Amino acid sequence: MSILESFVALDFETTGIEPFSSEIIEVAVVRVQNGQIVDSFQTLVQPRKMPSVSIQRLTGITADELRGQPSLEAVMAKLRRFVGASPLISHNADFEVSRLRMSIPVAELPAVFDTVELARIAVPRLPNHRLETLVDAFSINNPEQHRALGDAQTLVEVFRALVNTLRTFSPARLETLARLARSLPRPAPPYGAIADLLLEIQAAAARSAFDQVSAPPVRIGALTSLPNTFGAFDEDRLDPASSLEDIDTEAVAKTLGAHGDFARAMPAYEVRQSQIDMARAVTEVLNEGGTLLCEAGTGTGKSLAYLVPSVTWAWKNSHRVVISTHTKNLQEQLFYKDLPLVAGTLDVPVRSVVLKGKNNYVCLHQWHEEIGLPAAEAMDAGRALLLPLVCWIYETESGDLEENGAFQTLLRYIPGAYSLAGRLSSEGKPCGRRTCRYYDRCFVTRVRRAAQQAHIIVVNHSLLFSDLAADHGVIGEYENLIVDEAHTFEETAIDYLGTEFSLPLVKSVLEEITTPHARSLLTRIRANLRRSKIEDATRKSFEVQLGVTGQAAELAGEKAEAFFRAAKNELGASHPSSIYSSKMRYSSQANVFDEIREYRDDLFFALKTLHDGLQTLALWLRDLPMGGIPEQDELLADTELRQADLARLTAAMDLVTRAEDEDMVYWSEMPPHGDETRLKFVAAPLDVGATLRKNFYPGLRSLVMTSATLSVAEKFNYFRQRLGLEDDSVRTMAVKSPFDFDNQVHIALPGWFPEPRDADFEPEVISLLQVLIPKIHRGTLVLFTSHGMLENAYNALKQPFEEQGILLLGQRFDGSRSSITNRFRQDRRSVLFGTESFWQGIDVPGEALELLIIVKLPFSVPGEPLETAQSEALAAAGKNPFLHLAVPKAAIRFRQGFGRLIRHRNDRGAVLILDTRLVSKDYGRAFHRSLPTSYTVYRSQEELIAGFEAWFSAEVSTKP
Ligand code: SF4
C-alpha cells in the first residue's frame, strides 16, 4: 500500500502548549484511500485537569463540554482499531508518537510521517513550518482551525501539497535527500520513514497514482528566493567622478513635497515637513562632507529622507554610500522596499547590494564535501541540518543561510548543528578562491563583486566593525556612511571591539582540529595519508606526528575544562549560584587568575603545544612533493587556518587573564546556576568614542547618524560624548514626529504610589495590575526592569488573568521573543510582560497595544562592570557619573520603551508610568522632558481607572 494513496491523518488538541505536560482533550483521525477521504473518527476526551481559559478560547472547547467525555484509555483503544496498520501522517509527530506508544506496543506502531520534517525539506524558505503557515503558503482553506477534525482534514491537503512540491524535484535530488535521510543516526528525528517516502515519490508508478488527486497550488511568493542585489550589474567597478558634484538641495526637497515625484507616484502619499527638513540636511552633508546627528521622531519617514539624497548623490558622482542598520527588519525594509521605491520613483538606475558577513553564506565547496561523505563517515546527527539545503542550494540567488527558515530552526535544536553550520559557511574553511571549482557560482565572490559596482550598500552595524577589523576587506573602501538605529551603535562597537574567552569557544576551535566529526583536520589528514603514495617511512613519521598532535588537542581540551572548573570554584563566593547570570569586575590589581595561575599556565602550555604540533604538520605538508597526498593544498591551508584560530584564542586568553590594558574593562560572567561550562571572561573598551575617533571617523568624508532617540532633554551631549563626536564641526538636528501626541496618547502617573526602593512598591505594582488590566481590558505591554519582579508579577497574575479570560504572556515563560510577540499581536486583548529587549525594537501597531505600563525608570542594574568603570572615569575627570551617564542612558532607554505605543498616525493609547521619581526627583526632568505631551498625576487607584475609562471611551465616541 503506497503512503501516497492510502494513509491516516491524525491530530490531537491538548490542554496547553507544553507538549509533554499537556493532556489530550480531542482526538481526530481521517482515513484516505486512493486519494479520497473515505472515513473519519473524532471525539472529545475528558482530561484530569481542565484546559486554561486561553486554550478554551483558542479551541472553542469549553470545560463543560469536556466533563463526562470518555477517558483517554477508552479513546486510544478505538483509535488503535481505526488506524490498524495504515501509515500515519501527523504534524509535529513527536507528541502524537509518544502518546500512541503508551497504548500501542512499539512493534505494532505503524510508520509515522511527520509533515513538519517533510515541509522543512520541501519548502525550507518559509520562516517557520507551523500548520497555519503551510496552510497560508499553499492557499489551503482551513475553516476549523484548532479543532482536531478540521486540522486532520487540513493535514491531508498539506500533505498532498508537500508531496506535489517534492515531485518537482529532480530524481537525483530526491535520491540525495533519501540517502541523507537514511544515513542519519538517532537522536535525529525519525527520518527513516521520510527517506522511504522520498524514494516512493521518486518512483514513476507512485507519481502517476498521485496524479489522480488534485493538489492546491503553491503560493510562489512565499517560496522563491530573494535576490541580494538590484540594478544592472554590467560594469566592472564604480568609476568615481574625480571631482564631486553637488546635488540640488531644493530639488531633493521638492521631490518629497506636495507636487513632487513621490506625491505623483503614490496616491496615499503624505507630505511630512520633518522628512523634508531631514532630507535637506542629509543632502548638505553629502555635498559638503562632515557629520550630522539627526534625531527623527517616529513617523518622520527617515529612511526616505536619507535614501532620496543618497541615491541621487551616489548616482551623480558614481560614489558609494554605505547604509548601516542594527536590525534585520530595517535592513530588509530598506533593501526590498524603500530602495526599489526610491530608485523607481526617481527613475535612477542605481545599483544596490545587501551585504552580510561571510558566515551567512553557504560555501559550495564545503557543501559538496559534506554531502559527498560516505555514510560510514557521516554518523553525525547534526547532518539533519543538510536536508533543507539540498534543493534550496540550487535555487537560491543569494546563498544567504538566513533565508532558509528550516535551516535556522534546525540549527537551534539539533545537537552538533552549530559546528556543522560553521563548517558549511564561507568562513569555516580556507577558501580556494580562483582555484576553487565553484568560484564562478560562489555566493560570497558574487555578492562582493557586486558590492564593488554598487552605489548603495546596505549592511548592519556588526559588519561595519568586522570590516574595520579586517581593514575594509569585507565591504571595500567607502567614505560616505549613513547609520540608522544609531542609538545601538555604541553597544555594537563594544561587542566587536572587545574580546571574550570561554570554554565553548575553546571547544569550537579544538573540534575543528580533532573529533568528533569526519571533516575535522586531523581525521582528514589521516584519511588522505592512507590514500597517498608517499614512502612508508615518511607516512609513519606523519602518523606519529598526527598522533602527537591529536593527544595535544585532547590535553588542551582537558586543561581548558580544568581551568574553567578552577575559575568557577575560585569565583564561587563572588558569584553566588543564582537562576540569573551575574557579572564581576576584576583588574590586574585584583586578578582572579592569580590564585589559579597553575591552571592558566597549564592551559597556555597545552594550547601552545597544540599550535606547535600544527606548525610541524604544516611544515611537513609544505615539504611534501606536489600531490604527495590527496587534497594537499587544502589540508595545508586548513592547518594554517586552525593555527590562526589557536593564536587568536591564546591572545584572547592572554588579554583577559592578564587584565593589564588600562583602556579595557574586565569582568567574569557566571551563567545561571554557576555552570562552569558557560562561564566567560570578557574584556571591553572603556571608551569606545576614543577608539572610533582614532580608527573609524578619519576614513569618512560624510557621516549621518540617525535614530528616534539620540538626545536627552533635547540635548545631544550624551550621544556625542559616548560616540566620540564632540568636535564643534558635528552638526545636530532634531525633527519632530508628525504624530498628534496630544490627542493620540494619554500619559498618567499614580501620585499615591511609593517609590521603587520602598518595600511596598512591588506588592503595590502587582495589586494595581491585577485591578487595572481586567478593567481596561485592552492590549497591554508591561515593561519591567528586572526578571525577578517580572517573574513575581507573572506568577501572581497568570492564574487570576486566565480565570477572567485574559491571556498573559511572560518573557521566558511562554516561548521565544518572536513567538510571544506574535501571539500578543494576534490576541488583541492579551497582556505581555517583558524586560530588556522588549524596551526596543518591537513594533505592535493598532489595537493589539493600547496600554503601555512602564514599571520603573530603566536605570542599569547597579554594579554593571562596564558602566561602573565608565562612571569611575567620569568621576576622575571631575564629572558627576550619575548625571552624565546613568540618567542619560536610562532616559534614552525610557524613550525607546515609550516609543512602543504610538507607531502610526491612527494609533491611540495610554501610558502609565509607575515610577514617581519622574516628578519627585530633580533628575526626573530628563525623563519627563522626553515625553511628547503632558501627563496627568492621579491621586488614587479609583481616579486613575476612571480617568483611563473616560479617555478610552472618549475615543469610542469620537470615532466616526
Ligand atoms: S571560492 Fe571559497 S567561499 Fe567560494 S565556494 Fe570556493 S571555497 Fe567556498
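Remember, predicted model here, so these are calculated numbers, not experimental data.

Each value, and the rule that gives it
Residues numbered from 1 in each chain as written. Predicted model: local features only at pLDDT ≥ 70, side-chain atom pairs only at ≥ 80, totals over all residues. Heavy atoms only, no water. Helix = DSSP H or I, 4+ residues; strand = E, 2+ residues; numbered from the N terminus. Rg over C-alpha atoms; globule rule 2.2 N^0.38 Å. Buried < 20%, exposed > 50% of the residue type's maximum accessible area, 1.4 Å probe, protein only. Contact = heavy atoms within 4.5 Å. Areas by Shrake-Rupley, 256 points an atom, 1.4 Å probe, with all protein chains shown as cover. Domains from an automatic or database assignment. Buried area = accessible area lost by both parts, 1.4 Å probe. Salt bridge = Lys/Arg side-chain N within 4 Å of Asp/Glu carboxyl O. Polar contact = N/O pair within 3.5 Å; in protein donor to acceptor, adjacent residues only side chain to side chain. Nonpolar A, V, L, I, M, F, W, Y, C, P; charged D, E, K, R; others polar. Axes fitted to C-alpha atoms, helices over the stretch in contact; angles between N-to-C directions. Parallel < 35°, antiparallel > 145°, perpendicular 65-115°, else oblique. Left-handed = near helix turned anticlockwise from the far one by under 90°. Phe/Tyr/Trp six-rings, centres within 6.5 Å; stacked < 30°, edge-to-face > 60°. Lys NZ or Arg CZ within 6 Å of the ring centre and 35° of its normal. Pairing = 2+ DSSP bridges. Near = heavy atom within 4 Å.

In this section: the overall build of the chain. The helix and strand tally for the chain stands at 39 helices and 24 strands. Its C-alpha atoms give the chain a radius of gyration of 31 Å, near enough to 30 Å, the size a compact globule of 960 residues would have. With 960 residues in all, the chain has 55% of them scored as buried. Residue pairs in contact within the chain that sit at least 24 positions apart in sequence constitute 76% of those at least 6 positions apart. Element-wise, carbon and sulfur atoms account for 49% of the exposed surface of the chain, whose accessible area totals about 41,200 Å².

Examined at the domain level, the chain breaks down into domain 1 (7–223), domain 2 (356–451), domain 3 (500–685) and domain 4 (741–958). Spacing between the C-alpha centres of domain 1 and domain 4 amounts to 42 Å. In this assembly, 6 residues from domain 1 lie in contact with 9 residues from domain 4. Both sides of the domain 1 and domain 4 interface together cover about 550 Å² of buried area, and 42% of this is carbon and sulfur. For the pair domain 1 and domain 4, the interface holds 0 salt bridges. Linking domain 1 with domain 4 are 0 residue pairs in polar contact (both at pLDDT 80 or more). For the side of domain 1 that touches domain 4, the residue count by class is 2 nonpolar, 2 polar and 2 charged.

With that settled, consider the packing of helix 26 (residues 536–571) against helix 27 (residues 597–623). Viewed as axis vectors pointing N to C, helix 26 and helix 27 meet at an angle of 155 degrees, and their least axial separation amounts to 8 Å. If you check the angle between helix 26 and helix 27, you find them roughly antiparallel. In the packing of helix 26 onto helix 27, the handedness of the crossing is left-handed. Class assignment of the residues belonging to the contact of helix 26 with helix 27 gives a composition of 19 nonpolar, 6 polar and 3 charged.

Next up on the list: helix 24 (residues 503–513). Residues that lie three or four places apart on an α-helix share one face, since the helix turns once every 3.6 residues. Buried within helix 24 we find Leu503, Val506, Val509, Leu510, Glu512 and Ile513. Buried residues along helix 24 sit against helix 20 (417–424), strand 12 (499–502), helix 25 (521–530), helix 26, helix 27 and helix 28 (632–658).

Let us now look at the side chain of Ser502. Within the fold, Ser502 resides in strand 12. Beyond its immediate stretch of four places on either side in the chain, Ser502 contacts Phe564, Leu679 and Lys680.

Counted by the stated rule, this structure contains 32 aromatic pairs. One Lys or Arg, Arg173, reaches over the ring of Tyr394 and ends 3.8 Å from the middle of that ring.

If you trace the 4 strands from one edge of the open sheet to the other, you get 12-15-14-13, paired in antiparallel fashion. Bordering the open sheet on either side are strand 12 and strand 13 (582–586), each of which pairs with just one other strand. Neighbour-to-neighbour, the strand axes of the sheet open up by a mean angle of 25 degrees, direction not taken into account. Looking at chain direction, strand 14 (residues 664–670) and strand 15 (residues 680–685) are connected through 6 bridges and run antiparallel. Along strand 15, the bridge assignment pairs Glu669 with Lys680.

Strand order in the open sheet formed by 5 strands is 3-2-1-4-5, and the pairing between neighbours is mixed. Lying at the two open borders of the sheet, with one neighbouring strand each, are strand 3 (36–44) and strand 5 (112–114). Each strand of the sheet is rotated relative to its neighbour by a mean of 25 degrees, with strand direction disregarded. Bridge count for strand 2 (residues 24–33) against strand 3 is 8 bridges, and the pairing is antiparallel. Note that in strand 3 the partner of Arg31 across the bridge is Asp39. Packed onto the sheet, helix 5 (residues 115–122) meets strand 4 (88–90) and strand 5 and runs at close to 45 degrees relative to strand 5. Running over the sheet, helix 7 (residues 148–167) touches strand 1 (7–14), strand 2, strand 3 and strand 4 and is turned about 135 degrees from strand 1.

Moving on: the pattern of salt bridges. Taken as a whole, this structure holds 47 salt bridges when the rule is applied. Notably, a salt bridge pairs Arg147 with Glu26, separated by 2.9 Å at the nearest N-O pair. Taken together, the residues Arg147 in the loop between helix 6 (131–137) and helix 7 and Glu26 in strand 2 connect sequence positions 121 residues apart. The pair Arg147 / Glu26 is uniform in exposure class, with both members buried. A salt bridge links Arg642 to Asp645; the shortest N-O distance between them is 2.7 Å. Remark: Asp645 and Arg642 occur in helix 28; sequence separation between them is 3 residues, near one turn of the helix. Each member of the pair, Arg642 as well as Asp645, is classed as buried. Three or more residues joined by partner-sharing salt bridges are found here, namely Arg524, Glu631, Glu634, Asp638, Arg642, Asp645 and Arg648.

Attention shifts here to the site of the ligand. Within the structure, the ligand sits among Cys363, Leu364, His365, Ser426, Cys431, Gly432, Cys436 and Cys442. Classifying every residue of the shell around the ligand by side-chain character gives 5 nonpolar, 3 polar and no charged.

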